[in-house]
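# Structural features, examined
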Amino acid sequence: MKQEVSIDVRSVTDLEAHELMRECAKDLRNADLWEEFHARFRRKINLYLLRAFRALGGNSDEFDRYAEDWAQEVFTKLVQNEGRVIASFRGSTELSVYAFLGSIALSVVADQLRFQRALRRRAQVVALDQLQDFGMPQRDSETKFSALLDLIDVERALREDEESKNPERDLLIFKLHFVEGLSVREISTIRELNLTTSGLEKVLNRVRNRLVRKL
Amino acid sequence: MSGFLSAGLAEDERAYCQRHLIECEDCRGELALLVRILDEEVSPVELAILNRVETARPERHTVSVQPPGLYERFFQSITAGWKLAVVATTIILVVTATFILLPKNNISDISPQGAGSVRTLEARLSSQPYSQFVQTRTAPAVGNAPSGTDELKRLGANPFEMGRFYLLHNEFAKAIAQLEDAKKQEPNSVEISNDLGVAYMESALDDNLDKAVGQFKEALRLNPKYEPAVFNLALASERLGHFSEAEEDFSLYLQMDPDSGWANEVKSKLQLWKH
């Protein structure tokens, strides 16, 4: 017999995303809470798994084969060891919930692909995509070294930028945009940078001008 | 990493993270990957894959701990060949029943236009099959708008899909906001320009009619043979009182589409004007 029900069924649907996460962490066996969690986040989890799979070199056509198991793996990761992972959630916004689930989905896919590749190695089988990777022309060490020196110069120039109120932030934005290839819109979703797209464009313009002058 | 993304860090943690991300290529790469994974926009390809996965997914996995019943005993008693035949027949029946009986759960089914409902907007949306126009300015929402909206959000609908949904529920301000967003993302989409024009035109604000004309002309600049935009441009001209332009555009429309239900509406209108 149930001793105590902390939240009634009706209020479960009214919970904010981060509240739902917390309640699930508190009560790992509450079916109503987990039904709601499943209904609300299952689609997002699948989306994050798909994107992680594609980003890590997976073929979209093969995703159907893994989706169900990987989604289960995300849920398992959340609740295993008495819910250690879900209890570590500290966010207070909807975005923080998505970021948390996204990072778990990413780690699940990375683990699974690592496992699959290890199996393939053990079987002495080389996948075609890996073969293509090996066949790709490698940049010679001289080019790499030159690029590294350029980057060191860029870092120095940006760190010494007297016009900037926050040179470290600008340097990170520079690297996210020019090294990692994130668009301005994508960078604007990083809340800790606290910049709109127009603010980011201004930063990048200033950085560009500064580099043109310095380098 | 997720804390850095969602502004969940204390001041000193943020500064530490920022410094670390500048130096550590691996963590920065992971952050970039996470940003891309969390992107709110869902591409049509992703949407199709997700729908496929959702459709294929069994609803629940239950484990039976009861002793074998009649069903199990029956299965144990028949030969392997018969088992195969029974399994195959069952699969065929289940698949057929699923297709016939189960409600579908995708965006086009939530959208009322997909359900073959009555058309309450005189204008023509992109990819809209013809249905008879019922003229009313106080048309009730076709379906349950708030719950449908939630469902669309849950399914990860993009601004274009959300905009069309609101439009078909006569929520024009919300439709315009969503479709403007969609237009920013895809400025060269003929369909978005057309539907945004419809949202402006049906919002019943006089100055929005000019905006509607602008959108229809933009759609026709992108594709001069886009029938819905010609149809809608003629309608907009009619509502602006520019009857000669409207007649010209309707005549042009009939050259492009002489036989459909839309064409019949145009013919009736032109006939009416002659009397």
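Residues numbered from 1 in each chain as written. Chains lettered and ligands numbered in written order. Predicted model: local features only at pLDDT ≥ 70, side-chain atom pairs only at ≥ 80, totals over all residues.

### Considerations on the overall build of chain A
Across its full length, chain A carries ten helices and zero strands. Helices and strands in chain A line up, N terminus first, as α-α-α-α-α-α-α-α-α-α. By residue count, 29% of the 215 residues in chain A fall in the buried class. Of all intrachain contacts in chain A linking residues separated by at least 6 positions in sequence, the fraction that spans at least 24 positions is 56%. (Helix = DSSP H or I, 4+ residues; strand = E, 2+ residues; numbered from the N terminus. Buried ≥ 20, exposed ≤ 12 C-beta atoms within 10 Å, placed from the backbone. Contact = placed C-beta atoms within 7 Å.)

### Observations regarding unusual backbone geometry
Residues and elements named next belong to chain A. Phi at Asn 81 takes a positive value of approximately 55 degrees, unusual for a residue other than glycine. Take Asn 81: it is sitting in helix α4 (residues 63-87). The exposed category is assigned to Asn 81, around which 8 C-beta atoms lie within 10 Å. A positive phi angle is found at Asn 194, which is not glycine, with a value near 55 degrees.

### Overview of the nonpolar core
If you look at the biggest cluster of nonpolar residues, it comprises 62 residues, and the most contacted ones within it are Leu49(A), Leu101(A), Ala105(A) and Leu34(B). Residue contributions to this core peak at eleven residues, all from helix α5 (residues 94-122) of chain A. The next biggest cluster of nonpolar side chains, apart from the first, holds 37 residues, and it includes Leu168(B), Leu209(B), Leu233(B) and Ala234(B). (Core = buried A, V, L, I, M, F, W, Y, C linked by C-beta atoms within 7 Å.)

### Observations regarding the confidence of the model for chain A
Residue and element names in this part refer to chain A. Confidence in the prediction for chain A averages 79 pLDDT; 77% of positions are at 70 or higher. A low-confidence stretch, residues 1-5 stays under pLDDT 50, and its non-local contacts, those more than four residues away or across chains, total zero contacts. In this model residues 130-139 is a low-confidence stretch, pLDDT under 50, and it forms two contacts with partners more than four residues away in sequence or in other chains. (pLDDT = per-residue confidence, 0-100.)

### Here we look at helix α13 (residues 227-240) of chain B
Residue and element names in this part refer to chain B. Between its first and last C-alpha, α13 extends 20 Å over 14 residues, near the 20 Å set by a 1.5 Å rise per residue. When you tally the buried positions in α13, you get ten out of 14 residues, the bulk of the element. For α13, every residue scored as buried is listed here: Pro 228, Ala 229, Val 230, Phe 231, Asn 232, Leu 233, Ala 234, Leu 235, Ala 236 and Ser 237. Positive phi shows up at Gly 241, right after α13, with a value of about 85 degrees. (Expected span 1.5 Å × (residues − 1).)

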